[in-house]
Amino acid sequence: GENVEQHPSTLSVQEGDSAVIKCTYSDSASNYFPWYKQELGKGPQLIIDIRSNVGEKKDQRIAVTLNKTAKHFSLHITETQPEDSAVYFCAASRAAGNKLTFGGGTRVLVKP
Amino acid sequence: NAGVMQNPRHLVRRRGQEARLRCSPMKGHSHVYWYRQLPEEGLKFMVYLQKENIIDESGMPKERFSAEFPKEGPSILRIQQVVRGDSAAYFCASSPPGREVAEAFFGQGTRLTVV
């Protein structure tokens, strides 16, 4: 089955700096890679996703890159703000159905 | 358009009791997924259902756990004879039909505590 590894497990950045989270996956058949933000006591919120036919996608301060050959993908948050503080999860799935395999999460703390 | 609705938000059960967790998907969504999250860990897939069908239950424990998504009404995750190790947050997600890969949106979860 699919295995998703996520690093780092914790990340502390100064407000305004960039944050980068990296994930690797094992199943070469995976072709959908979403990122979720989870705040304390809440459910995961989809923030951006990328499909295997695209190498990069950007949405305002958030960008995701995908390297299918190396089987890794990354989340980039620029100009971080205190409200970006949360736990971020990467995930991977195949086309058939939408069973997601999640990474272990990264706790991001943005210091004012 | 309401999001994925889960209830109850918090549930306390004594060991040996039954827990029933409910999930109403987003309007127009016919695919429902259940995930479990232990403290300080990621989400683990449990089961994937469509109306009246279990599509993939590879993540469900073999005993005490069952799930359904009837033609009418919410999806139900049922845990019989709960044990302390069942204490976790249970999240439901839904996605629309008709697409091979579609965004999944999560509810706020049910936090089960077994005492």
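Residues numbered from 1 in each chain as written. Chains lettered and ligands numbered in written order. Predicted model: local features only at pLDDT ≥ 70, side-chain atom pairs only at ≥ 80, totals over all residues. Heavy atoms only, no water.

## Here we look at the sheet that holds strand E1 (residues 5-7) of chain B
All names here are of chain B. Overall, antiparallel pairing links the 4 strands, which are arranged E1-E3-E8-E7 in an open sheet. Edge positions in the sheet fall to E1 and strand E7 (65-68), since each has one partner strand and no second. In this sheet, neighbouring strand axes are inclined to one another by 15° on average, regardless of whether the strands run parallel or antiparallel. Alignment of E7 against strand E8 (residues 75-79), held across 4 bridges, turns out to be antiparallel. Bridge assignment links serine 66 to a residue of E8, and that residue is arginine 78. (Pairing = 2+ DSSP bridges. Helix = DSSP H or I, 4+ residues; strand = E, 2+ residues; numbered from the N terminus. Axes fitted to C-alpha atoms, helices over the stretch in contact; angles between N-to-C directions.)

## So, the interface of chain A and chain B
Interfaces are often sized by the amount of accessible area the parts lose when they come together. The partner chain B presents 25 residues to the 23 residues of chain A that form the contact. Summed over both sides, the interface between chain A and chain B buries roughly 1,800 Å², with carbon and sulfur atoms accounting for 51% of that surface. Our enumeration of links across chain A and chain B arrives at 2 salt bridges. Linking aspartate 56 of chain B and lysine 99 of chain A is a salt bridge whose minimum nitrogen-to-oxygen distance equals 3.8 Å. Our enumeration of links across chain A and chain B arrives at 7 residue pairs in polar contact (both at pLDDT 80 or more). (Contact = heavy atoms within 4.5 Å. Buried area = accessible area lost by both parts, 1.4 Å probe. Salt bridge = Lys/Arg side-chain N within 4 Å of Asp/Glu carboxyl O. Polar contact = N/O pair within 3.5 Å; in protein donor to acceptor, adjacent residues only side chain to side chain.)

## Considering the pairing of strand E7 (residues 62-67) of chain A
Residue and element names in this part refer to chain A. Both strand E6 (residues 56-59) and E7 contribute to a ladder of 4 bridges, which runs antiparallel. Bridging from a neighbouring strand, glutamate 56 pairs with threonine 65 of E7. Where E6 folds back on E7, the antiparallel hairpin that results is connected by 2 residues, among which glutamine 60 adopts a positive phi of roughly 55°. One ladder, built from 6 bridges, connects E7 with strand E8 (residues 72-77); its direction is antiparallel.

## Quick notes on the pattern of salt bridges
Going through the model one piece at a time under the given rule, you end up with 10 salt bridges over all chains. Sharing partners across several salt bridges, the network here consists of Lys37, Glu39 and Lys42 of chain A.

## Considering the environment of glycine 59 of chain B
Residues and elements named next belong to chain B. Structurally, glycine 59 can be placed in the loop between strand E6 (53-56) and E7. Classification of glycine 59 as partly exposed rests on a relative accessible area of 29%. Along the chain, glycine 59 and serine 75 lie 16 residues apart, while their C-alpha atoms are 17 Å from each other. If near-sequence neighbours (up to four positions away) are discounted, glycine 59 is found in contact with Phe45 and Met46. (Buried < 20%, exposed > 50% of the residue type's maximum accessible area, 1.4 Å probe, protein only.)

## Observations regarding the nonpolar core
Counting 24 residues, the largest nonpolar core has Trp35, Phe73, Leu75 and Tyr88 of chain A as its most contacted members. Listing elements by their share of this core, those giving two or more residues are strand E2 (10-14), strand E3 (19-25), strand E4 (32-38), strand E5 (45-51), E7, E8, strand E9 (86-92) and strand E11 (106-111) of chain A. Here leucine 75 of chain A is in contact with Ala19, Val20, Ile21, Trp35, Ile47, Ile48, Ile62, Ala63 and Tyr88 of chain A, once residues within four sequence places are set aside. Counting residues in hydrophobic clusters, the runner-up holds 23 residues, among them Leu11, Leu21, Val47 and Ala67 of chain B. (Core = buried A, V, L, I, M, F, W, Y, C linked by side-chain atoms within 4.5 Å.)

## Some details on unusual backbone geometry
The amide bond that connects histidine 7 of chain A to the next residue, proline 8 of chain A, takes the cis arrangement and shows omega of -5°. Residue position: proline 8 of chain A is located in the loop between strand E1 (4-7) and E2. For the bond from asparagine 7 of chain B to proline 8 of chain B, the omega torsion is -5°, close enough to zero to count as cis. Mapped onto the secondary structure, proline 8 of chain B falls in the loop between E1 and strand E2 (10-13). The backbone of glutamate 52 of chain B sits at a positive phi, close to 65°, despite the residue not being glycine. By the element assignment, glutamate 52 of chain B lies in the loop between strand E5 (43-50) and E6. In this structure, arginine 64 of chain B takes a positive phi of about 75° despite not being glycine.

Coordinates in, geometry out; function isn't part of it.
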